[in-house]
Amino acid sequence: MTDALESSSDERNLEESNNRILQFIEDVTTNAGQVQERVLKAILSGNAGVEYLLRHGLNGSTDRETFKKLIPVVTYEDVKPDINRVANGEPSSIICSTPISEFFTSSGTSKGENKLIPTTEEELERKSLYSSLLMPVINQFVPDLHKGKTMYFLFVREEAKTPGGLLARPVLTSLQKRSYFKKRTYTNPYTDCTSPRETILCTDSFQSMYSQMLCGLWYGDQVLRVGTMFASAFIRAIHFLEKHWRLLCHDIRTGTLNPRITDPSVREAVARIVKPNPDLAEFIEKECNKESWKGIIPRIWRNTKYIDVVVTGAMSQYIPTLNYFGNDLPLVSTSYVSSECCFAINLNPLSKPTEVAYTIIPTMAYFEFLPVSREIGVPEPNPVEVLDLVDVKLGQEYEVVVTTYAGLYRYRVGDILRVAGFKNNTPQFNFVCRKNVALSIDADKTDEVELHNAVKNASNILLPFDASLIEYTSHANTSTIPGHYVLYWEITQSSENPIPRYIFEDCCFAVEESLNSVYRECRVSDKSIGPLEIRIVENGTFDKMMDYAIASGSSISQYKPPRCVTRAPIVELLDSRVMSNYFSPKPPEWAPGHKHWNTN
Ligand code: AMP
C-alpha cells in the first residue's frame, strides 16, 4: 500500500517536473529576442574587465550594437593564442572573469586536430540544465521510459593536463566523471542505465565495451531504449557483439566475467549485476547464431522502443545500417551540442532522420548567424551581415557564431545550418554540414553534403550484386599530376555474386557525374583534375581508423569518421589495406557556359 502511494506520488512529481520543463521551453522560445538580449548583457557585464574585450575597446558596454561594432567574428585560430596563454598558466581573466575550470578537447572534425575549448563550473551547470530538457520532450511521444532501463554506451578518455595545470578532456568524459563524483540528492528516473559507472569510467576501450555490452545483454527485456551519442559508436558496439557474442553468452550462462577484464572496479561492478542465467544465454546465442542479423537489436532487446543516436550531418551515412540492425526502429537524434555550447534540441524526436530540425535553446549562449552560400559562383555577401537568432530567414543557410559565458566571443563554430521552421519565435535548424570539410584540387570545392550525395548515388550501382557500401572517406590526392579525388570504400559483397571491374569504374564515373560544375569543368575543360579513383579497402579498415583516432586522443563517444582525410598516417593506414582500385573511364558531362566565380 505504502509502495503504491509512493509510486503514485513519484509519478505525479515526474509529471509536474516534465510539465515545468516543457513550459520553460515554451517560454524561452516565445521570448527568444528578449532572452537573447538578456544573455548578451549578462555575458558582457560579467566579463566587463576581461583583457580580450578591453583590447577590442568594449570598455564595459553591454549593448548589442557596440558589441557587434567592436568585437570581431573569429575562428579558433584567431583566439588560439589567448586560449593557449590561459592553458599555459596565465589568468583566466584574459578571456573570462569566472575562473576557467578546465578545457574541453573538441574532436575538431575538420582537421583531425583537437581544439582546447574553455569552460567554467557555471557553464557545466548550464549543460546539465540542457540535458534535463531532453527526456520530457521525448516522453510526450514515447511515454513510460522511466519504467525501464536505457542501454546507452558511454566511454571516457584518459585526461591530460595543460602546462598551467588545467584538465583537458572531452566534454562527455568531464560530464561522466562529474556525475560520478557528485553527491546525488535526486535520481533522474530516466537515467537508469544498464552500464554501471565503473564500466563507463574504465579507459581501456575493450574492457569498457565488453562489460557495458555484457550488462546490457543481461538486462535484456528491461531495456526500453538503446543508443550512444553518435551513430558511429553504436555501430561499433553492434560489430563488437558480432565478434564477441560467444564469450558474452558464456559469461551470462555461468555468471562469470572473461579474464580479459582485469580492472578490479569493473569486475566488482559487473559481479554485482551478472548472475548465472542459462536461459538468457541460450536465447541470445540462438539469435546471434542465425545467419541474418537483420533486426538483431529488437530481436535481443525485445522491448526497445527506439535507437537514441545522432544520425544527422556526417552520421547520416549510417542510417541504412541502423535500419538493418534495428528493423526500422525509430532513430532519434535528440540534440545538437558541441564542446563550445549546447545549441538546440529536437522537439519532434520521431521525425524522419532526413527531416530532423533542432530548436535553439536561447538561454544557452548568444547566437548569431553568418549567411553562407554554398552555391558555386555566388560570392559571399560583402560586408557580411551577421544576423541575430530571431532574424534568420526560412530556407536560408548560415554558419553559427556563438558568444558563450565561458570566454568565446563571436566564435565561428564551423557548422552550417539551414532554417527549417520556427518554434514560437525561435528558429529550428537542419544540420547541413561542417564548413571546410571539402575536397579541393584546383578551383573546385566539394563539401561533405555534395560528396555524400554523389557517393550515395554511385553506390546504388552495387545493389544488384548484393553488395553495399559500409563506410567511405576521401582524399584529395595531389601526388599525381594532375591531382585527383580518391575515395576509399569499405563494402560488403557476396562471394556468389562477384562484382565485375567495369561496375566499379561505373561507380567512379557516377560520382564524377554527380559533382558540381566547377569540378566537371576542371576535369573536362581545364584538365586540372585527373580521373576519380575508388580504392576498395579490406573489411575492418574503418574500425582500424577509429582505433587509430582513439589511440591519438579522440573519444569513442565523440568520434566521427572524417569524410575527408588529410593526415599522412591515416592515408597510409588506408592505403595499406587497399585490395583493388578503379578509375573513372571517361570524363563526366560538362557544357561550357557556367563559369565559376573568379576573384581576379
Ligand atoms: P565536439 O565538440 O567534438 O563534441 O564536436 C561537436 C561537433 O559535432 C559539432 O560542431 C557538429 O559539427 C557535430 N555535431 C554535434 N551534434 C550534431 C548533430 N546533432 N548533428 C550533426 N552534427 C552534430
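All figures in this text were calculated on a predicted structure; none of them were measured in a lab. (Residues numbered from 1 in each chain as written. Predicted model: local features only at pLDDT ≥ 70, side-chain atom pairs only at ≥ 80, totals over all residues. Heavy atoms only, no water.)

An α-helical turn contains 3.6 residues, so a residue and the one three or four places further along point in the same direction. Most of helix H17 (residues 517-524) is tucked away, with seven of its eight residues classed as buried. Those residues of H17 lying buried are Ser517, Val518, Tyr519, Arg520, Glu521, Cys522 and Arg523. Buried residues along H17 sit in contact with strand E20 (484-492) and helix H16 (501-514). With a side-chain oxygen lying 3.0 Å from the backbone nitrogen of valine 518, the N-terminal cap of H17 falls on asparagine 516. (Buried < 20%, exposed > 50% of the residue type's maximum accessible area, 1.4 Å probe, protein only. Helix = DSSP H or I, 4+ residues; strand = E, 2+ residues; numbered from the N terminus. Contact = heavy atoms within 4.5 Å. Polar contact = N/O pair within 3.5 Å; in protein donor to acceptor, adjacent residues only side chain to side chain.)

According to the stated counting rule, one finds 16 aromatic pairs in the structure shown. Taken together, a centroid distance of 5.6 Å and an interplanar angle of 70 degrees make the contact between tyrosine 324 and phenylalanine 325 edge-to-face. The class for tyrosine 324 is partly exposed, based on a relative accessible area of 36%. For phenylalanine 325, a relative accessible area of 5% gives the class buried. Plain terms: the ring middles of phenylalanine 504 and tyrosine 582 are 4.5 Å apart, the flat faces sit at 20 degrees to each other, and that makes the pair stacked. Of this pair, phenylalanine 504 sits in helix H16 while tyrosine 582 sits in strand E22 (residues 578-583), placing them 78 residues apart in sequence. On the accessibility criterion, phenylalanine 504 (3% relative accessible area) is buried. Linked through ring pairs, Tyr336, Phe343, Tyr358, Phe367 and Phe431 together constitute an aromatic cluster. Stacked on the ring of phenylalanine 206, the Lys or Arg arginine 260 has its end atom at 3.7 Å from the ring centre. Taking the ring centre of phenylalanine 509 as reference, the NZ or CZ of lysine 586 above it sits at 4.6 Å. (Phe/Tyr/Trp six-rings, centres within 6.5 Å; stacked < 30°, edge-to-face > 60°. Lys NZ or Arg CZ within 6 Å of the ring centre and 35° of its normal.)

The sheet built from four strands is open, its strands ordered E2-E1-E5-E4 with mixed pairing. Sheet topology places strand E2 (115-119) and strand E4 (160-161) at the edges, where each strand pairs with a single neighbour. Where E4 lies against strand E5 (residues 167-169), two bridges are found, and the strand directions are antiparallel. By the bridge assignment for E5, lysine 161 is matched with leucine 167. (Pairing = 2+ DSSP bridges.)

Counting across every chain of the model gives 37 salt bridges. Residues arginine 563 and glutamate 471 are paired through a salt bridge, measuring 3.8 Å at the closest nitrogen-oxygen approach. Here the residue arginine 563 occupies a position in the loop between helix H18 (541-551) and helix H19 (568-575), and glutamate 471 occupies one in strand E19 (residues 468-477), the gap between them amounting to 92 residues. Residue classification places arginine 563 among the buried residues on the basis of a relative accessible area of 3%. On the basis of relative accessibility, which here comes to 11%, the residue glutamate 471 falls in the buried class. (Salt bridge = Lys/Arg side-chain N within 4 Å of Asp/Glu carboxyl O.)

Bringing the confidence of the model for the chain into the picture now. Of the residues in the chain, 93% reach a pLDDT of 70 or more, and the chain-wide mean stands at 90. Note that residues 109-113 has pLDDT below 50 and, in this model, eleven contacts with residues that lie over four places away or in other chains. (pLDDT = per-residue confidence, 0-100.)

Below, the discussion takes up the sheet that holds strand E21 (residues 533-537). Here we have four strands laid out as an open sheet, ordered E19-E20-E21-E22, and mixed in their pairing. Two strands close off the open sheet at either side, each with one partner strand: E19 and E22. Strand-to-strand twist across the sheet, computed as the mean angle between neighbouring axes with direction ignored, equals 25 degrees. H18 contacts E19, E20 and E21 of the sheet and is inclined by roughly 60 degrees relative to E19. Across the sheet, H19 touches E19, E20, E21 and E22, and the angle it forms with E20 is around 50 degrees. (Axes fitted to C-alpha atoms, helices over the stretch in contact; angles between N-to-C directions.)

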